[in-house]
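# Breakdown of the fold
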Amino acid sequence: MRPELQKLFRMDKLPHIWCPGCGHGIITRAIAEAINESDLDLDKTVIVSGIGCSSRAPGYMHFDTLHTLHGRALAFATGVKLANPELNVFVLTGDGDATAIGGNHFIHAARRNIDLNIILFNNNIYGMTGGQYSPLTPTGKIASTSPYGNPENNFDIPALAIAAGASYVARGTAFHDKLLIDCIKEGIKNKGFSLIEAMSMCPTSYGRRNKMGNAADMLNDLKTTAVNINVAKKLPPEKLEGKFLIGKLHHKPYPEFTQEYDKLIAKLQKGAE
Amino acid sequence: MTSKKARLIQGNRACAEGAMAAGVRFFAGYPITPSTEIAEIMSEELPKLGGKFIQMEDEIASMACIIGASLTGKKVLTASSGPGISLKQEAIGYACMTEIPCVIVNVQRLGPSTGGPTSSAQGDIMQARWGTHGDHPIIALCPSSVYECFTLTVTAVNFAEKYRTPVYVLMDEIIGHMREKVILPNIDEIKIVNRKRPTCPSNEYKPYQIDETLIPAMADFGTGYKWHVTGLFHDETGFPSGKPKVIEEQFKRLMTKFDKYSDEILSWEETEAEDAEILLVAYGSTARSALDAVNILRSEGIKVGLFRPITIWPFPEKRLKTLAEKANKIIVPEMNYGQLILEVERICKDKASVGGLFKFNSLPITPEEIMFKIREVL
Ligand SMILES: Cc1ncc(C[n+]2csc(CCOP(=O)(O)OP(=O)(O)O)c2C)c(N)n1
Ligand code: SF4
Ligand SMILES: [Mg+2]
């Protein structure tokens, strides 16, 4: 690891617990790269996570880190950010963590447009508990609790975030890590709720059951299924069938919650003088 | 300071004012009867003080939110009732495990489930002790008057800070909604306690250090200590550990950390208890009726007394045991199916006979009912 990245990690806590070929390590490195290139005050940066393989990432990162409860990371992070808006707050979460048990917190944090940078590691499965289907397991796919194929439908995470009020929404993948870094950097710059969906992969609990080959095959799947939004604009709809978009999907800044609250305080305190 | 004025206020208001007087500057909650007034008052007053109020999307989010805020160094509060307190439980356990100061006000209503939103009850005594999974330490304080809603909320905030723990203020609907004339203390008369913060260099900081105080220093997020907080079992440095020896050491420190400070934590009130042959053990609004019963029966020459635990958890066990040596009979009136009586029986069973007076139909226990029960056992 490059020295400037090393200072962002707790090197003594490595090696990590993730399986060989897990996509989460690549995404974690992308987050560190983005922070490194963003000139943030590292003492004033807090990383919050829920529970899951992905939520273990902050334990390896050299910041104030808060590993919380399954699904509740955004509620904890809301407390951190509102109590001290000076802090840069990141939330690292999984597809299950953020959209199943934490789905309500997800839409409400977006609705408030609170200045949080969310990196959602989407591996389409509950990895940590051994591969049960999540709200992002594609219909028909095999999981340990959908042995006959998943009978449920999926969320479209960016659409959900946009509808709920997120002011910045983007998507990258473990294959398109350069793009992912750029998206995270842009999210950091956005003063408001920034959601970056990072397509990951779980060879152990998802790929194996669905005969998706080894980690390299899964990475290649990400490469071939993703279409950059700028390219997609020029393609006919039939070319986009079965594909997903990557890149900046939405950016519409509007007043941010903690700044608005501080304005209220200033107004009330001025009125009292 | 302005001179003190007598005011007619509600228990819920006294609680909110106590919190702010103790330095609470962050509140997260979700509306629920009969605790809602606390949130309403906080939403109006906190921003004037430069503090923050947020109405979260549910009660576990509120609990999580105040824990996050506490980590930045703020004194924090949430308030709820019945179903809302049930929803908070997983996050309360997290605060016990990670030792994050916070105060939870429970204005008890009739349960289980939706139960009776506007009905008073004392049915959450055992939930306060054991509501979240796993062994854990907890402090719960139980006010009996509007004045005590103020003073005990101050104490709760101070205990949370000093002992790095969640603390319950266990009110009941009667206490929360009752109006009484009070003369509240001035700000400069209130003792304020702040959490211990580290002074060592960041690379030497151990957020779960085992030393003779049993209460490790806690760094504010954003001050360069870069520490890790997790609900997993962790070693002194805060990082996860599955080593049985580490788990056992940290568990022991956690479970015994209040014992060392029991002189300060335990509080109770006694009325004619020294020579009582019949001793009432009552708390919260029920203790008011018990007090009336004691005063009336004493005037008739009946040796009745009252032991009122103010700290319900941990329970003031030693003192009750001593009183039970003299009393032949102990009666525990409670607005539930019999909860604190289990603890009283455990403590007194070899010393005195213990009986209960339970009422769970939404109505308060009256002095007459208590006197009737006493005459029955005379
Ligand atoms: C309240 C609660 N319910 C269930 C669990 C068990 N659990 C732990 S992680 C997890 C799923 C994690 O999936 P995801 O968020 O997608 O993360 P991944 O492991 O795939 O990175 C579950 C169900 C828990 N820890 N807490
Ligand atoms: S189970 Fe899946 S998500 Fe978890 S570490 Fe292994 S590969 Fe990664
Ligand atoms: Mg997952």
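Remember, it's a predicted structure, so these values are computed and weren't measured experimentally.

### Looking at the overall build of chain A
For chain A, the helix and strand inventory stands at 11 helices and eight strands. Taken over C-alpha atoms, the radius of gyration comes to 19 Å for chain A, in line with the 19 Å a tight globule of 273 residues would show. In terms of its C-alpha atoms, chain A occupies a principal-axis envelope of roughly 70 × 45 × 35 Å. Split into buried and exposed, the 273 residues of chain A put 55% on the buried side. Expressed as a percentage of contacts within chain A between residues at least 6 apart in sequence, the contacts between residues at least 24 apart total 68%. Put simply, chain A shows about 11,200 Å² of open surface, and 56% of that area lies on carbon and sulfur atoms. Of the side-chain charges in chain A, 30 are positive and 26 negative, and the distance between the mean point of each set is 3 Å.

### Describing the coordination of the magnesium ion (ligand 3)
Residues and elements named next belong to chain A. Protein coordination of the magnesium ion (ligand 3) is provided by Asp95 (OD), Asn123 (OD1) and Ile125 (O), with donor distances spanning 2.0 to 2.1 Å. Counting gaps between the donor residues of the magnesium ion (ligand 3) yields the pattern D-x27-N-x1-I. Note that Asp95 is positioned in helix H4 (residues 95-99) and Ile125 in the loop between strand E4 (117-122) and helix H6 (157-164), a separation of 30 residues in sequence. Classification of Ile125 by relative accessible area gives buried; the value is 1%.

### With respect to the side chain of His234 of chain B
All names here are of chain B. Within the secondary structure, His234 is located in the loop between strand E10 (228-230) and helix H8 (244-256). On the basis of relative accessible area, His234 is assigned to the buried category, the value being 4%. Within the structure, the side chain of His234 is placed 3.3 Å from the backbone oxygen of Thr230, a separation counted as a polar contact. Residues contacting His234, with those up to four places away along its chain left out, are Met97, Tyr208, Phe239, Pro240, Ser241, Val246 and Gln250.

### Quick word on the interface of chain A and chain B
Accessible area lost when the parts come together is the quantity often used to give the size of an interface. Facing the 39 residues of chain A at the interface are 40 residues of chain B. At the boundary of chain A with chain B, total buried surface from both sides reaches about 3,200 Å², with 61% on carbon and sulfur atoms. Two residues, Asp262 of chain A and Lys52 of chain B, come together in a salt bridge whose shortest N-O distance is 3.4 Å. Where chain A touches chain B, the interface holds 20 residue pairs in polar contact (both at pLDDT 80 or more). Looking at side-chain class alone, the side of chain A that touches chain B contains 18 nonpolar, 12 polar and nine charged residues. Direction of pairing for strand E2 (residues 64-67) of chain A relative to E10 of chain B: parallel, over a ladder of three bridges. Among the inter-strand pairings, Leu66 of chain A is bridged to a residue of E10 of chain B, identified as Val229 of chain B.

### With respect to the nonpolar core
Judged by nonpolar contacts, the single largest core of 139 residues is most densely connected at Phe193 of chain A together with Phe26, Ile38, Met42 and Trp227 of chain B. In terms of residues, this core owes the most to one element, helix H6 (residues 146-163) of chain B, which gives 10 residues. Each of two domains, domain 1 (7-189) and domain 2 (271-377) of chain B, supplies a minimum of three residues to this core. Counting 30 residues, the second-largest nonpolar core is a separate cluster that includes Ala30, Ile31, Ala34 and Leu40 of chain A.

### Re the domain arrangement of chain B
Residues and elements named next belong to chain B. For chain B, the assigned domains are domain 1 (7-189) and domain 2 (271-377). Contact residues are listed per partner, giving 26 residues for domain 1 and 22 residues for domain 2. On the domain 1 side of the contact with domain 2, Gln122, Ile125 and Met126 bury the most area, a combined 31% of that side's loss. Arg288 is the salt-bridge partner of Glu180, the closest N and O atoms lying 2.6 Å from each other. Linking domain 1 to domain 2 there are 17 residue pairs in polar contact (both at pLDDT 80 or more). Of all elements in the fold, only strand E6 (116-120), helix H5 (125-130), strand E7 (139-141), H6 and helix H7 (173-177) reach the threshold of two or more residues within the side of domain 1 that touches domain 2. The biggest single contributor to the side of domain 1 that touches domain 2 is H5, with four residues. Taken together, the residues of the side of domain 1 that touches domain 2 break down into 15 nonpolar, six polar and five charged.

Reading the values: the criteria
Residues numbered from 1 in each chain as written. Chains lettered and ligands numbered in written order. Predicted model: local features only at pLDDT ≥ 70, side-chain atom pairs only at ≥ 80, totals over all residues. Heavy atoms only, no water. Helix = DSSP H or I, 4+ residues; strand = E, 2+ residues; numbered from the N terminus. Rg over C-alpha atoms; globule rule 2.2 N^0.38 Å. Buried < 20%, exposed > 50% of the residue type's maximum accessible area, 1.4 Å probe, protein only. Contact = heavy atoms within 4.5 Å. Areas by Shrake-Rupley, 256 points an atom, 1.4 Å probe, with all protein chains shown as cover. Lys, Arg positive; Asp, Glu negative; His and termini not counted. Charge placed at Lys NZ, Arg CZ, Asp CG, Glu CD. Donors = N, O, S within 2.8 Å, 3.2 Å for Na, K, Ca; no water. Polar contact = N/O pair within 3.5 Å; in protein donor to acceptor, adjacent residues only side chain to side chain. Buried area = accessible area lost by both parts, 1.4 Å probe. Salt bridge = Lys/Arg side-chain N within 4 Å of Asp/Glu carboxyl O. Nonpolar A, V, L, I, M, F, W, Y, C, P; charged D, E, K, R; others polar. Pairing = 2+ DSSP bridges. Core = buried A, V, L, I, M, F, W, Y, C linked by side-chain atoms within 4.5 Å. Domains from an automatic or database assignment.

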